[in-house]
Amino acid sequence: MASTQASSAAAASAPSSAPTQPQNRRGPKRPHNNGNDNKSRTWKQKKTKREKNITEGSSEEVLRHDIEALLSSKGVSLDSSGQEANGANAENESLPQEGTEAEVEVLELSSTGDGLAMRPGSNQVYVVPFTVPGDVAKVKVYRHIRRENQTVADFISIVKPSHLRDDARIQCKYFSSCGGCQFQMLDYAEQLKLKRRIVDKAYRNFSNLPAELVPAIHDTIGSPLQYGYRTKLTPHFDGPPGFRPSKKNRPRTSFETCPEIGFMKKGQRKVLDIEDCPIGTSAVRLGMNRERARMQREFGNYQRGATILLRENTLRYAKDKGDEQEQSLSEDPLAPYTTRSEGDDFVDIKSCETDSKATTTEYIGKHTFTNPAGSFFQNNNSILPKFTAYVRDRILPPPSSSSIKYLIDAYSGSGLFTITLSSVFKHSTGIDIAADSIASARKNASLNGLGDDRCEFIAADAGELFKSVTYPADETVVVLDPPRKGCDGDFLGQLRMFGPRRIVYVSCNVHTQARDVGVLVRGEGEGARYSIESLVGFDFFPQTSHVEGVAILNRCDDVAVGNGNEEQDS
């Protein structure tokens, strides 16, 4: 029987099939404050679970920067706190009553994926999802935040479409209701241009570096698949009516009918029932269908909400194994929910795993990776060969100046970079504070024929990540791939004191990446400082505003550095 994971967290992603025309979709209903009182002035957007530990670089702060830039371009002067310098105008301006409808013109697109709109003669910026510059949209006003010249609004329909918009591109009937995707109406080339701008703005707003120290951002590298790429989805359902996780010793009730299963509605803490998600791989979508059918039979067994894990698993076998292997696979109980694809000399059978502790397998080029299904691993397998090849081709400086022989893979996880880059180096070390990740990495190294003579993995304390490393700093490159919150100050201090010759910083949040790169480039206090060689984005999540960043840095040879055991002259 397929299992579920109990969780109160919001799901990670997105929508489903069948084209739709969102011009006539009415926005989600939300409670609103009919007055424009002081309470609305101090209201703050509640951070999502994945952003609760992010300070600089949160979506809220990113949005604020973009609103201020738009106002400034319109000649609205702001004071040091980000409020309109002539505050009386902001306070006294007549605005549509909260809960009413209004027409707005979208002028800009925030890095959050939301449109930024204004009305003639007004200095108020309306934050409107599912819109692009040039749209005239009908919206429902949700809340005015007067002191910040900001209004949160729900999308209702398009009155006049932008030249950038083509709703025939939309492949999901839940688009403009589900909170997962923002860009399905846009041409893919336009999506990549927007993501280049997101990286550019991240470094302008968060690096605290002068423009001359930040190189031009390269064009965003696209995903081979724009739909059908996600190898992991986590739809969920809420508890029965009246269920409250915080209420102890309260009698529990079961569901009387099958609950809605899907992802969060945009702007609401409510589940949108979703039957299919076209950005998921075929195997994941089949698994979603299978789990929804199971829940129709078993909903009465649940007394609380849960998250359903859907993770793709690949079984690969050589073509010369022939009919015997095919017959064995056809007898598997999952056979009706599997997909089959062929390479030059192999056949892949893909299925969907729902047990978080089960082992799943993925192939990245010639490399094999296994992980617990519920653990972190990149969710777009189609772009990973291009992504790892990009890093491998640029991990070393030009041959004429290269003396680098060693790799340190900080935040190594299950060993993606340590293993895919191992052929470039004399020896590599993966470091992570999670013992489970280190165990997976060691297993993956063995699967790929890498012994201790080529690489090792260390479960290190966060405060002493480089203590066990004996590589000479002059001959070492460090790869960083931290979580969304980026690197903390202590880690960056350790990194600068070690002073590797070269750093490759990979990030799922280009705003916290820009902040950290700024620290390394400014080089304030003791330790090495760095210059930026290149910056580029990778589109791991087409149809969304997310962009993965890769920054390559070189040590400036005007400070003394070492590896903790010796001091080197630079």
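Residues numbered from 1 in each chain as written. Predicted model: local features only at pLDDT ≥ 70, side-chain atom pairs only at ≥ 80, totals over all residues. Heavy atoms only, no water.

**Some details on helix 4 (residues 188-206)**
We count it as follows: Helix and strand assignments follow DSSP, with helices taken as H or I runs no shorter than four residues and strands as E runs no shorter than two, numbered in order from the N terminus. Working rule for helices: expected span equals 1.5 Å times residues minus one. With a 1.4 Å probe rolled over the protein chains alone, any residue whose accessible area is under 20% of its type maximum counts as buried; one over 50% counts as exposed, and the rest are partly exposed. In what follows, residue pairs with any heavy atoms lying within 4.5 Å of each other are defined as contacts. Polar contact is defined as a pair of N or O atoms within 3.5 Å, subject to the rule that within protein one atom must be able to donate a hydrogen and the other to accept it, and that residues adjacent in sequence are counted only when both atoms are side-chain atoms.
The end-to-end C-alpha separation of helix 4 is 27 Å, in line with the 27 Å expected for 19 residues at 1.5 Å each. For helix 4, the set of buried residues is Tyr-188, Glu-190, Gln-191, Leu-192, Leu-194, Lys-195, Ile-198, Val-199, Lys-201, Ala-202, Tyr-203 and Phe-206. As for helix 4, its buried residues are in contact with helix 2 (59-73), strand 1 (101-109), helix 11 (510-522), strand 21 (530-538) and strand 22 (548-555). You can read the cap of helix 4 off the contacts: a side-chain oxygen lies 3.1 Å from the backbone nitrogen of Ala-189, and it is on Asp-187. Where helix 4 terminates, the next one or two residues include Asn-208, which has phi positive at roughly 55°.

**Some words on helix 5 (residues 282-298)**
Taking 1.5 Å per residue, 17 residues should reach 24 Å; helix 5 reaches 24 Å between its end C-alpha atoms and fits that length. Taken together, the buried positions of helix 5 are Ala-283, Val-284, Gly-287, Met-288, Arg-290, Glu-291, Arg-292, Arg-294, Met-295 and Glu-298.

**Digging into the side chain of Thr-420**
With respect to the element layout, Thr-420 can be found in helix 8 (residues 416-420). A polar side-chain atom of Thr-420 sits 2.7 Å from the main-chain carbonyl oxygen of Leu-416. Setting aside its immediate chain neighbours within four residues, Thr-420 contacts His-367, Phe-369, Thr-388 and Arg-392.

**Focus on the side chain of Thr-429**
Following the sequence through the fold, Thr-429 ends up in strand 17 (residues 427-432). Here Thr-429 falls in the buried class, since its relative accessible area comes to 2%. Looking at Thr-429, its side chain comes within polar contact range of the side chain of Tyr-471, at 2.7 Å. The residues touching Thr-429, leaving out its near neighbours within four places in the chain, are Leu-407, Ile-408, Asp-409, Glu-456, Ile-458 and Tyr-471.

**Digging into the sheet that holds strand 1**
Keep this limit in mind: Any two strands between which DSSP finds at least two bridges are classified as paired. Under this scheme, a helix contributes an axis fitted over its contacting stretch, all axes are lines through C-alpha atoms, and angles between N-to-C directions fall in the 0 to 180 degree range.
With mixed pairing, five strands are arranged side by side around a closed barrel as 1-2-3-5-4. Mean inter-strand twist for the sheet, computed between neighbouring axes without regard to direction, equals 50°. Direction of pairing for strand 1 relative to strand 2 (residues 115-118): antiparallel, over a ladder of four bridges. Its bridge partner lying in strand 2, Val-106 is registered against Ala-117.

**Section: the sheet that holds strand 20 (residues 502-507)**
Strands sit in the order 18-17-16-19-20-22-21 across an open sheet of seven strands; the sheet is mixed. In this open sheet, the two edge strands, each paired with only one partner strand, are strand 18 (455-459) and strand 21. Each neighbouring strand pair of the sheet contributes to a mean axis angle of 15°, computed without reference to strand direction. By the bridge criterion, six bridges tie strand 20 to strand 22 in an arrangement that is antiparallel. Looking at strand 22, one finds that Ile-503 is bridged to Leu-553. Together, strand 16 (406-410), strand 19 (476-480) and strand 20 form the strand contacts of helix 10 (residues 489-498), whose direction differs from that of strand 19 by roughly 165°.

**Section: the pairing of strand 12 (residues 339-342)**
Pairing analysis gives four bridges linking strand 12 to strand 13 (residues 346-353), with the strands arranged antiparallel. Along strand 13, the bridge assignment pairs Glu-342 with Val-347. The hairpin turn running from strand 12 into strand 13, its antiparallel successor, is three residues long.

**Concerning the UniProt feature "active site" (unreviewed entry) in the protein**
Inclusion rule: UniProt positions are given in the numbering used here, feature names are shortened, and annotations may be inferred rather than shown by experiment.
Following the UniProt record, the feature "active site" (unreviewed entry) maps to Cys-508 here. By the secondary structure assignment, Cys-508 is in the loop between strand 20 and helix 11.

**So, the pattern of salt bridges**
Defined as follows: Only one rule defines a salt bridge in this text: a Lys or Arg side-chain nitrogen within 4 Å of an Asp or Glu carboxyl oxygen.
Counted according to the given criterion, the structure contains 27 salt bridges. The residue Arg-165 makes a salt bridge to Asp-135 at a minimum N-O spacing of 2.9 Å. Pair noted here: Arg-165 is in the loop between strand 5 (150-160) and helix 4 and Asp-135 is in the loop between strand 3 (125-128) and strand 4 (136-145), with a separation of 30 residues, a long-range link. Judged on exposure class, the residue Arg-165 and its partner Asp-135 are both buried. Measuring nitrogen to oxygen at the nearest pair gives 3.7 Å for the salt bridge that ties Lys-173 to Glu-275. A residue pair is termed long-range when its members are at least 10 positions apart, and Lys-173 in the loop between strand 5 and helix 4 and Glu-275 in the loop between strand 9 (271-273) and helix 5 qualify at 102 residues. Overlapping salt bridges bring together Arg-290, Glu-291, Arg-294 and Glu-298 as one network.

**Quick word on the environment of Arg-392**
Structurally, the position occupied by Arg-392 is in helix 7 (residues 384-394). A sequence separation of 31 residues divides Arg-392 from Ser-423, and the C-alpha atoms of the two residues are 9.2 Å apart. Not counting residues up to four positions away in its chain, the partners in contact with Arg-392 are Thr-420, Leu-421, Ser-423 and Val-424.

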